[in-house]
Amino acid sequence: MTKHNFRTSAIGLRALASLVLASWLGCSPAVADKRVALVIGNSAYKNAPRLANPVNDAGLVGGMFRNAGFDTVEIRLDLNASEMRRSLRDFAARTRDADMAVIYYAGHGIELDGSNYLVPTDAMLETDGDVLDETIALDRALYAVEPAKQLRLVILDACRDNPFAKTMKRTLASRAIGGGLAKVEPTSPNTMIAFAAKAGSTASDGDSRNSPFAVALTDHLPKPGLDLRKAFGFVRDDVLRKTGNKQEPYVYGSLGGSDVPLVPARPAAAAGPQANPQDSVRKDYELALQAGLREAWEAFLQTYPDGFYANLARVQLKKIAAEEDRTVATEKARLAEQEKVRLAAERAQKAELEKAAVAAKAAEEARIAAEKAKQIEQAKAEAAERERRAAEAAAAKSLAEKRALEKAAAEIAAKQAADKQAADAESKKVAALAPPPSAPPAGDLTKSVQSELRRVGCLSAAADGDWSAASQRSLTLFNKYAGTQLDAKLASVDALDALKAKPGRVCPLVCNFGFKADGDQCVKITCRAGYRVGDDNECEKIQEKKPVATREDSRKRDQGRKEAESAAPKSQASGQMICNSAGCRPVAKGCRIERDPRPGSAGMSQVEVCH
């Protein structure tokens with residue numbers, strides 16, 4: 001086969017494969033209504049801090065529209081003013097024959113004098129007048145979806161705190177620049193505008209990869225047969241719950257009385273387990289795998305450019321490319337060998353024969369390399385196929401386990417509801433038969449409350465049945481330490497119940513100075529030798545006071561010494577004792593005892609005589 005015939009055969013095979021794949025892909029059921037979507041995410045602002053989530057949110061929402069079966073989904077990221085206008089103009093042309101048109105915008109938005117504007121990435125907005133020139137009016141987006149026949153939907157995830165509004169200069173003092181976006185009332189029928197936050201308020205990007213609003217949209221909007229009004233109601237509930245009631249999405253506009261789902265309801269005959277959204281992709285992948293041609297895989301990638309199966313399709317394309325390279329190299333080797341034989345047969349010159357031999361050797365080496373490359377790609381393709389089958393089996397197993405768990409959870413919930421209903425009926429029956437409880441007398445109630453206050457350590461007085469000021473202060477103290485809010489002015493049954501619910505002491509034990517708490521009693525603080533109780537009611541060491549000598553003390557000491565030296569020595573005791581009516585005492589040294597010579601004294605009277 002010549003090189004020309006080989007190329008002709010390859011072109012024929014490709015055309016045949018294109019026709020076969022087109023017929024296979026055309027056999028899938030068509031959707032009656034045409035649905036188109038435009039998704040814009042602006043994160044990389046040149047004159048403001050970069051936003052983390054809009055690009056991620058645009059990818060998430062765009063994937064949701066593709067999985068929902070939209071005919072056209074265009075995702076545009078980080079657009080300047082001219083690119084945004086061109087995208088809206090092109091989208092308006094696609095909506096002319098569409099039944100449903102949706103625009104999703106994530107990025108900065110601004111409100112000026114009651115009108116809303118979408119902010120491109122190249123906007124500077126130095127003054128309020130620049131808004132009209134550098135931004136895109138929301139009315140421009142509404143104009144783009146207006147030709148749609150059944151539904152016109154604009155979703156704005158653009159209620160963030162806008163940095164331009166803080167730095168923008170006002171050219172007119174009365175011109176209002178609000179936080180968030182302004183309320184909008186669409187004039188066209190079957191038109192809805194969904195805000196991430198209520199008019200006049202701002203939305204949060206959250207702490208994760210996607211904003212709470214974008215996550216809630218992808219959870220509820222693609223549910224088959226779910227009316228958009230209910231879907232946005234579920235979105236509102238999710239966002240309020242995730243943001244602690246700080247952000248409330250809002251929808252403006254109205255629809256008719258019929259349900260308007262983003263994804264049509266499945267036929268009633270399709271009862272039972274719902275099909276996996278990837279089933280159609282998998283079926284088309286298996287059809288392309290059966291064809292095994294480059295055109296089949298290229299057509300598959302045009303339909304499904306992203307995802308797990310798209311990566312597998314690219315592996316198959318590499319395998320086909322390796323096979324084509326091997327075929328071409330083999331053909332070149334065959335032709336080179338023929339040329340060598342021809343030259344040998346014609347007794348060509350030795351140089352030509354050597355040249356032909358070198359060319360034939362090179363061609364053979366190329367053929368061997370191509371053969372090895374083909375084997376490598378073949379192994380990669382087989383490994384990818386094994387991974388695909390394993391992933392599909394794991395997904396099927398996970399889905400079955402999830403359904404089993406959901407069924408078991410539903411059965412448990414139904415049983416618990418039935419048990420609760422029976423228990424409620426029984427309790428109502430018992431309550432109807434039981435007599436109403438009677439309140440204790442006022443005096444007994446007061447004593448009971450006082451006794452409980454003493455038990456929990458809040459009252460030190462006796463329980464005398466008199467609800468005095470001391471009892472009121474003790475109940476106030478109980479409220480402080482127990483965290484209750486009981487009325488302290490009177491003894492109530494609620495107070496008694498609250499006190500009985502406490503198993504031990506509630507109010508702390510307070511002791512006087514010199515005493516400390518030991519359990520429920522105050523005991524005297526005993527310090528060891530050399531220590532005493534200090535001002536902080538703790539034992540502290542007694543500091544010794546050292547005498548300080550002064551000049552006056554020295555003067556007094558010298559004077560005393562002089563007086564002692566000049567004074568006569570004092571008499572000292574002689575060792576004798578003298579007794580009289582006052583008692584007995586030692587006789588001073590240098591004195592003696594003699595009889596009393598005075599008249600009238602008794603003969604035995606003694607006197608002390610000193611010289």
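Fair warning: this is a prediction, and the values are worked out from it, not measured in the lab.

J.: Residues and numbers for the packing of aromatic side chains, please.
T.: Each aromatic ring pair is specified by the distance between its two centres and by the angle formed by the two planes. This model, assessed by the stated rule, comprises nine aromatic pairs. Relative to Y309, the ring of F308 lies with its centre 5.3 Å away and its plane at 80°, an arrangement referred to as edge-to-face. Look at Y309 and you get buried, because its relative accessible area is 8%. Within the aromatic cluster, the residues linked to one another by ring pairs are Y285, W297, F300, Y304, F308 and Y309.

J.: How would you explain the sheet that holds strand β3 (residues 100-106) if you had to name every residue and give the values?
T.: Spatial ordering of the open sheet is given by β2-β1-β3-β7-β9-β10, a layout of six strands whose pairing is mixed. Unpaired on one side and paired on the other, β2 (72-77) and β10 (250-254) mark the two borders of the sheet. The sheet shows a mean angle of 10° between the axes of neighbouring strands, direction not considered.

J.: Now, about the state of the cysteines: what can you tell me, with residues and values included?
T.: Here a disulfide denotes a covalent bond joining the sulfur atom of one cysteine to the sulfur atom of another. The full count for this structure, using the stated rule, is two disulfides. Residue C458 pairs covalently with C507 via a disulfide, S to S 1.7 Å. In this structure, the disulfide formed by C458 and C507 twists by about 85° around the S-S bond and is classed as right-handed. A residue pair is termed long-range when its members are at least 10 positions apart, and C458 in the loop between α13 (442-455) and α14 (469-482) and C507 in the loop between α15 (493-500) and β11 (515-518) qualify at 49 residues. For C507, a relative accessible area of 0% puts it in the buried group.

J.: Let's hear about the packing of helix α7 (residues 212-220) against helix α8 (residues 228-242): which residues, and what values?
T.: In the contact formed by α7 and α8, the axes pass within 9 Å of each other and the chain directions differ by 140°. Overall, the two elements α7 and α8 adopt an arrangement that is oblique. For the pair α7 and α8, the crossing hand works out as right-handed. Of the residues in α8, those touching α7 at P212, F213, V215, A216, L217 and H220 are A231, F232, F234, V235, D238, V239 and K242. Partitioned by chemical class, the residues of the contact of α7 with α8 number ten nonpolar, one polar and two charged.

J.: Could you give an account of the packing of helix α9 (residues 279-291) against helix α11 (residues 308-345), with specific residues and numbers?
T.: Where α9 contacts α11, the axes come no closer than 11 Å and their chain directions differ by 10°. Considering the angle they form, α9 stands roughly parallel to α11. In contact with V281, R282, Y285 and L289 of α9, α11 contributes Y309, L312, A313 and Q316. Across the contact of α9 with α11, the residue classes break down as six nonpolar, one polar and one charged.

J.: Quick one: what's the story with the pairing of strand β7 (residues 151-157), residue by residue and with numbers?
T.: Of all seven residues in β7, seven are buried, a share of seventy percent or more. Judged by which residues are buried, β7 turns out to be covered on both faces: L151, L153, I155 and D157 on one side and R152, V154 and L156 on the other are all buried. In this sheet, β7 lies alongside β3 in parallel orientation, the contact comprising seven bridges. By the bridge assignment, Y104 is partnered in β7 with I155. For β7 and strand β9 (residues 191-195), the ladder comprises five bridges, and the chain directions are parallel. In the strand pairing of β9, I155 is matched with A194.

J.: Which residues make up the pattern of salt bridges, and what values go with them?
T.: This model, assessed by the stated rule, comprises 29 salt bridges. For E74, the salt bridge identified is with R76, shortest N-O distance 3.6 Å. Where E298 meets R294, a salt bridge forms, and the shortest distance between an N and an O atom there is 3.8 Å. Of this pair, E298 and R294 both sit in helix α10 (residues 294-303), separated by four residues, roughly a single helical turn.

J.: Can you tell me about a negative patch on the surface, naming the residues and giving the values?
T.: Taken together, D535, D536, E538 and E540 make up a surface patch of like negative charges. E538 gets classed as partly exposed once you look at its relative accessible area, which sits at 49%.

J.: Which residues make up α15, and what values go with them?
T.: Of the positions making up α15, those classed as buried are A495, L496, A498 and L499. Seen from one end, α15 has its buried residues packed into an arc of 165°, which puts them on one side. The exposed set on the far side of α15, more than 90 degrees from its buried face, consists of D494 and K500. Next to the buried residues of α15 lie α13 and α14.

J.: Account for the confidence of the model for the chain, naming residues and giving values.
T.: Confidence in the prediction for the chain averages 82 pLDDT; 83% of positions are at 70 or higher. Across residues 1-31, confidence stays below pLDDT 50; counting only partners more than four residues off in sequence or on other chains, it has 21 contacts.

J.: Quick rundown of helix α3 (residues 81-94)? Include the residues and the values.
T.: In this model α3 runs 20 Å from its N-terminal to its C-terminal C-alpha over 14 residues, within 8% of the 20 Å that 1.5 Å per residue would give. Those residues of α3 that fall on the buried side of the exposure criterion are A81, M84, S87, L88, F91 and A92. The arc that holds the buried residues of α3, viewed along the axis, is 135°, so those residues lie on one side.

J.: How would you sum up the environment of W467? Please name residues and give values.
T.: By the secondary structure assignment, W467 is in the loop between α13 and α14. Residues W467 and Q450, 17 residues apart in the sequence, show an inter-C-alpha distance of 8.3 Å. With residues up to four places along the chain from it excluded, the contact list for W467 reads T446, V449, Q450, L453, Q472, L475, A488, K489, L490 and A491. Among the polar contacts listed, one links the side chain of W467 to the backbone oxygen of A488, at a separation of 3.1 Å.

J.: Quick rundown of unusual backbone geometry? Include the residues and the values.
T.: The phi dihedral of N190 falls on the positive side, at around 55°, and the residue is not glycine. Position of N190 relative to the elements: it lies in the loop between β8 (177-178) and β9. Judged by its relative accessible area of 27%, N190 falls in the partly exposed class.

J.: Got a sec to walk through the environment of I578? Specific residues and values, please.
T.: Relative to the assigned elements, I578 resides in strand β15 (residues 573-580). Residue I578 is classed as buried on the basis of its relative accessible area of 7%. Separated by ten residues in sequence, I578 and A588 have C-alpha atoms that sit 9.8 Å apart. When near neighbours in sequence (up to four residues on either side) are disregarded, I578 contacts G583, C584, R585, V587, I593, Q606, V607 and E608.

J.: Describe the pairing of strand β5 (residues 115-118), and please don't skip the residues or the numbers.
T.: Note that strand β4 (residues 109-112) and β5 share four bridges and pair antiparallel. Within β5, the position partnered with I110 by the bridge is Y117. Taking the residues that link successive antiparallel strands as the turn, the β4-β5 hairpin has two residues, and the phi of D113 there is positive, at about 55°. As paired elements, β5 and strand β6 (residues 136-137) share two bridges and run antiparallel to each other. When the sheet's bridge partners are listed, L118 is paired in β6 with I136.

About the cut-offs
Residues numbered from 1 in each chain as written. Predicted model: local features only at pLDDT ≥ 70, side-chain atom pairs only at ≥ 80, totals over all residues. Heavy atoms only, no water. Phe/Tyr/Trp six-rings, centres within 6.5 Å; stacked < 30°, edge-to-face > 60°. Buried < 20%, exposed > 50% of the residue type's maximum accessible area, 1.4 Å probe, protein only. Pairing = 2+ DSSP bridges. Helix = DSSP H or I, 4+ residues; strand = E, 2+ residues; numbered from the N terminus. Axes fitted to C-alpha atoms, helices over the stretch in contact; angles between N-to-C directions. Disulfide = S-S within 2.5 Å. Parallel < 35°, antiparallel > 145°, perpendicular 65-115°, else oblique. Left-handed = near helix turned anticlockwise from the far one by under 90°. Contact = heavy atoms within 4.5 Å. Nonpolar A, V, L, I, M, F, W, Y, C, P; charged D, E, K, R; others polar. Salt bridge = Lys/Arg side-chain N within 4 Å of Asp/Glu carboxyl O. Patch = residues over 30% accessible without salt bridge, like charges linked within 9 Å, V, L, I, M, F, W, Y side chains within 5 Å. Areas by Shrake-Rupley, 256 points an atom, 1.4 Å probe, with all protein chains shown as cover. Lys, Arg positive; Asp, Glu negative; His and termini not counted. Charge placed at Lys NZ, Arg CZ, Asp CG, Glu CD. Arc of directions from axis to C-beta. pLDDT = per-residue confidence, 0-100. Expected span 1.5 Å × (residues − 1). Polar contact = N/O pair within 3.5 Å; in protein donor to acceptor, adjacent residues only side chain to side chain.

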